[in-house]
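Commentary on secondary and tertiary structure
Here is how the chains run, residue by residue.
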Amino acid sequence: MKIAHRTTALLCSFAVAAGVSLAGASAHADERKDQPEVAVIGTGGTISGVSTNRVSFQDYQSGKLAISKMVDELRPEVNGLAKVTTEQFGNKGSSGYSIADYRKLTASVDAALKKNDAVVVTTGTDTMEEFAYWLDLTVRSDKPVVLTGSMRPWTVIGTDAPANLYNAIKLAASRKTKCYGTVVMLNDEIQAAREVRKTNALRMDTFESGRSGVLGAVDQDNIRLNRAPARVQKCGKSAWRTPFDLDRIVGKVSAKESKPLPKVEIAYSYQDAGGEAIKAFADGGANGVVTAGTGAGGISPAMSTARTDAVKKGVTFASTTRTGSGAVYDSTGTTGVIGAEDLSPQKARLLLLLSLAATKDEKLIREWFATLGTAQFTTR
């Protein structure tokens with residue numbers, strides 16, 4: 001017994017000499033045990049880019065760094081936030097991914113959320129808003145999903161990459177955006193997937209949410225949330241999930257004979273625009289077409305004629321504006337043409353694509369555009 005006491009005392013004295021008490025070490029271990037678990041899924045993009053030199057802000061090779069390496073460089077800092085694991089989904093520019101890849105990404109995110117408290121996805125910024133809105137519409141879990149990336153590669157001076165990744169992990173670990181759906185975290189700002197848009201080709205403050213405004217900000221140790229997406233009203237209810245369960249409407253991504261998703265294209269209107277693009281899309285097997293119209297969704301006479309002919313062939317249209325803000329309201333009297341309100345053309349395309357995959361009922365698709373697509377707060 002004396003030997004045991006002497007050994008314990010000796011261990012305690014060593015711990016004190018090292019500046020760490022046994023109780024403190026135990027408390028630290030307990031603290032790590034109670035930390036949230038965050039999975040970081042890498043898909044590539046500028047954030048994983050390697051530059052030719054330290055000032056090559058636009059001259060770099062995208063998708064060269066593994067997500068595990070980037071997280072490891074932040075490991076001392078992120079270890080204080082969460083237990084972080086990584087998964088390399090892919091490593092290329094965001095525009096290099098197909099809708100089939102998107103289906104697989106949804107499956108990866110859903111699988112990660114079954115084992116973790118939150119997920120961070122790194123992507124390229126060129127089509128990040130589409131990555132975000134796709135996940136917002138298809139992920140089944142209401143746990144936080146945070147997208148991040150960067151406008152400058154990891155290896156240049158003044159890069160925004162490490163800070164964006166750190167802040168995204170911090171936001172995910174806080175679990176403050178539960179039931180928000182997917183959010184985007186760049187430049188210290190938190191944006192909703194539905195509203196966020198890339199507005200500048202080069203600047204680091206490129207992502208904006210128009211008149212809706214940002215959701216909030218990460219200011220070092222402080223996470224501020226000033227508003228929330230309307231879907232938080234349904235938090236904890238089955239109605240929180242969208243109708244777009246990909247396993248149900250198109251089959252599991254691992255299935256050899258899974259049903260392909262519908263083909264939906266975008267036609268841009270301008271002064272004296274021809275109808276050839278719409279005709280070609282319809283003749284090429286498009287199930288749907290989104291028109292990016294002038295003003296409140298107007299299209300040229302030639303495009304209008306081509307649209308009428310395409311509707312007769314069974315093509316469904318969503319009408320949007322090319323202005324960048326404002327709404328194209330729905331008119332149920334126009335068969336085959338659905339107003340997409342203030343969704344951007346690229347986001348309206350994703351909603352129409354998923355809607356056509358789930359149903360052929362135009363009335364139901366209109367309802368989804370008016371509810372999921374608009375997502376207004378209700379007082380009832």
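About the criteria used
Residues numbered from 1 in each chain as written. Predicted model: local features only at pLDDT ≥ 70, side-chain atom pairs only at ≥ 80, totals over all residues. Heavy atoms only, no water. UniProt positions renumbered as here; feature names shortened; annotations may be inferred. Axes fitted to C-alpha atoms, helices over the stretch in contact; angles between N-to-C directions. Helix = DSSP H or I, 4+ residues; strand = E, 2+ residues; numbered from the N terminus. Parallel < 35°, antiparallel > 145°, perpendicular 65-115°, else oblique. Left-handed = near helix turned anticlockwise from the far one by under 90°. Contact = heavy atoms within 4.5 Å. Nonpolar A, V, L, I, M, F, W, Y, C, P; charged D, E, K, R; others polar.

The name an unreviewed UniProt entry gives the protein is asparaginase, with Streptomyces phaeochromogenes as the organism. In its Sequence similarities (unreviewed entry) section, the UniProt entry covering the protein states "Belongs to the asparaginase 1 family."

All right, on to the packing of helix α6 (residues 128–138) against helix α11 (residues 345–358) then. Packing of α6 against α11 brings their axes to within 10 Å, and their N-to-C directions diverge by 30°. In terms of orientation, α6 and α11 fall into the roughly parallel class. The two elements α6 and α11 cross, and the hand of that crossing is right-handed. Along its contact with α6, which presents Glu 129, Glu 130, Tyr 133, Trp 134, Leu 137 and Thr 138, the element α11 presents Gln 346, Lys 347, Leu 350, Leu 351, Leu 353 and Leu 354.

Bringing the packing of helix α9 (residues 276–283) against helix α10 (residues 301–312) into the picture now. Relative orientation of the contacting elements α9 and α10 amounts to 15°, with a least axis distance of 8 Å. By the angle between their axes, α9 is roughly parallel relative to α10. In terms of crossing hand, the pair formed by α9 and α10 is right-handed. Between α9 and α10, the residues in contact are Ile 278, Lys 279 and Ala 282 and Met 303, Ala 306, Arg 307 and Ala 310, respectively. Here the residues of the contact of α9 with α10 sort into 5 nonpolar, no polar and 2 charged.

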